[in-house]
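If you want the building blocks of each chain, they are given just below.
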Amino acid sequence: MAESESAIDKQAVAQLRAIADRYPQQRSALLPMLHFVQSLEGRLTAQGIEACAQILGLTAAQVSGVATFYTMFRRRRAGTYHIGVCTTALCAVMGGDEILGRVERKLGIKPEETTPDGLFSLEEIECNAACDFAPIMMVNWEFMDDMTPDKAEKLLDDLAAGRKVNSTRGPQIRSWQDTERTLAGLDDGLADEGPSAGPASLRGVDIAREQGWTARPAASAATATDEPVTSAKAAKPAAEKTTAPAKKEAK
Ligand code: FES
């Protein structure tokens, strides 16, 4: 589709309304609606933003304010495979910078650019809360854990050749626009594909199971000395604790 054309037609608006109607507070639908716009347009367009604003009774500026806050929403068209390379501290020291350099040379693009054939776009991403698998890459928001420059290059070769590629956590990599439809909440039967957390993240849970550790039951956890702290109480005890010993010393 040419940059000037828009896929936000009557049918698209009806689908956006259907997404909004799923929520008791329709404004809660804004993020999935924006993902739906991206699935149609490859990015957030002025027409898409305006359609969301009209349906939800917001201004275009309010919708833009939300869209520009979250890095998953793009103003430039994403490639079929949107590649993210994490270069935040832990991934960087584990090789993230080298991976990014290799990907840049392989694709011939820099972050925020798209290859001329539209197959790949590249983004230098912040920590994706997957530090236990550092260094990581993302392809269309799916995790590629424990990466190396060589693994990254093979991954790009496989995607370019149209070979089936799976995230290291299970799900098959699909096009960026198909993935955006999933994020919009449209039922494609794939929402629960793959694990939500990898083995390294679940190691603490595994150890607790092996040792027979359990959390304290909620009822016994609330004792006289360990009662739930409300926001009103939170500030008060601090002052009491500091003044009480001083009275004793004065006697
Ligand atoms: S630093 Fe890369 S996932 Fe946390």
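Residues numbered from 1 in each chain as written. Predicted model: local features only at pLDDT ≥ 70, side-chain atom pairs only at ≥ 80, totals over all residues.

## So, the overall build of the protein
Along the protein, the regular secondary structure elements total ten helices and four strands. The linear arrangement of helices and strands in the protein, starting from the amino end, is α-α-α-α-β-α-β-β-β-α-α-α-α-α. Evaluated residue by residue, the protein yields a buried proportion of 27% over its 251 residues. Sequence-distant contacts, at least 24 apart, represent 61% of the contacts inside the protein between residues at least 6 apart. (Helix = DSSP H or I, 4+ residues; strand = E, 2+ residues; numbered from the N terminus. Buried ≥ 20, exposed ≤ 12 C-beta atoms within 10 Å, placed from the backbone. Contact = placed C-beta atoms within 7 Å.)

## Concerning the packing of helix α3 (residues 46–56) against helix α4 (residues 60–69)
Where α3 contacts α4, the axes come no closer than 8 Å and their chain directions differ by 115 degrees. Accordingly, the angle class assigned to the pair α3 and α4 is roughly perpendicular. Of the two possible hands of crossing, α3 and α4 adopt the one that is right-handed. Of α4, the residues touching α3 (which contributes Ile49, Glu50, Cys52 and Ala53) are Ala60, Gln62, Val63, Ser64 and Ala67. In the contact of α3 with α4, the residues fall into six nonpolar, two polar and one charged. (Axes fitted to C-alpha atoms, helices over the stretch in contact; angles between N-to-C directions. Parallel < 35°, antiparallel > 145°, perpendicular 65-115°, else oblique. Left-handed = near helix turned anticlockwise from the far one by under 90°. Nonpolar A, V, L, I, M, F, W, Y, C, P; charged D, E, K, R; others polar.)

## Details of the sheet that holds strand β1 (residues 81–86)
Spatially, four strands are ordered β2-β1-β3-β4 in an open sheet, and the strand pairing comes out mixed. The outermost strands of the open sheet, each flanked by one partner alone, are β2 (120–125) and β4 (142–144). The average angle at which neighbouring strand axes cross in this sheet is 25 degrees, direction not considered. Bridge count for strand β3 (residues 137–139) against β4 is three bridges, and the pairing is antiparallel. (Pairing = 2+ DSSP bridges.)

## With respect to the packing of helix α2 (residues 30–41) against helix α7 (residues 176–183)
Helix-helix packing: each pair is described by the crossing angle between the helix axes and the interaxial distance. At their nearest, the axes of α2 and α7 sit 8 Å apart, and the two run at 160 degrees to each other. Considering their axes alone, α2 and α7 lie roughly antiparallel with respect to each other. As α2 packs across α7, the resulting crossing turns out to be left-handed. Contacts between α2 and α7 pair Pro32, His35, Gln38 and Ser39 from the former with Gln177, Glu180, Arg181 and Leu183 from the latter. When the residues that make up the contact of α2 with α7 are grouped by side-chain class, the tally is two nonpolar, four polar and two charged.

## Some details on α2
In a regular helix each residue adds 1.5 Å, so twelve residues correspond to 16 Å; α2 covers 16 Å between its end C-alpha atoms and thus fits that length. Where burial is concerned, most of α2 is hidden: ten out of the twelve residues are buried. Listing the buried residues of α2 in full gives Leu30, Met33, Leu34, His35, Phe36, Val37, Gln38, Ser39, Leu40 and Glu41. Packed against the buried residues of α2 are α1 (10–20), α3, α4 and α7. (Expected span 1.5 Å × (residues − 1).)

## Considerations on the pairing of β1
Counted residue by residue, β1 has six buried out of six residues, so it is predominantly covered. Burial along β1 is two-sided: the residues Tyr81, Ile83 and Val85 and His82, Gly84 and Cys86 are all buried. Relative to β2, β1 runs parallel, the two sharing six bridges. Looking at β2, one finds that glycine 84 is bridged to glutamate 123. Here β1 runs beside β3; their pairing, made up of three bridges, is antiparallel. Looking across to β3, one finds that glycine 84 is bridged to methionine 138.

## Some words on the nonpolar core
Membership of the largest hydrophobic core comes to 28 residues, with the highest contact counts inside it found for Ile83, Val85, Val103, Ile136 and Met137. For this core, the elements supplying multiple residues, two or more each, are β1, α5 (89–107), β2, β3, β4 and α6 (149–160). When near neighbours in sequence (up to four residues on either side) are disregarded, valine 85 contacts Gly96, Ile99, Leu100, Val103, Glu124, Ile125 and Met137. Counting residues in each nonpolar core, the second largest holds 18 residues, with Ile19, Leu30, Met33 and Ala184 among its members. (Core = buried A, V, L, I, M, F, W, Y, C linked by C-beta atoms within 7 Å.)

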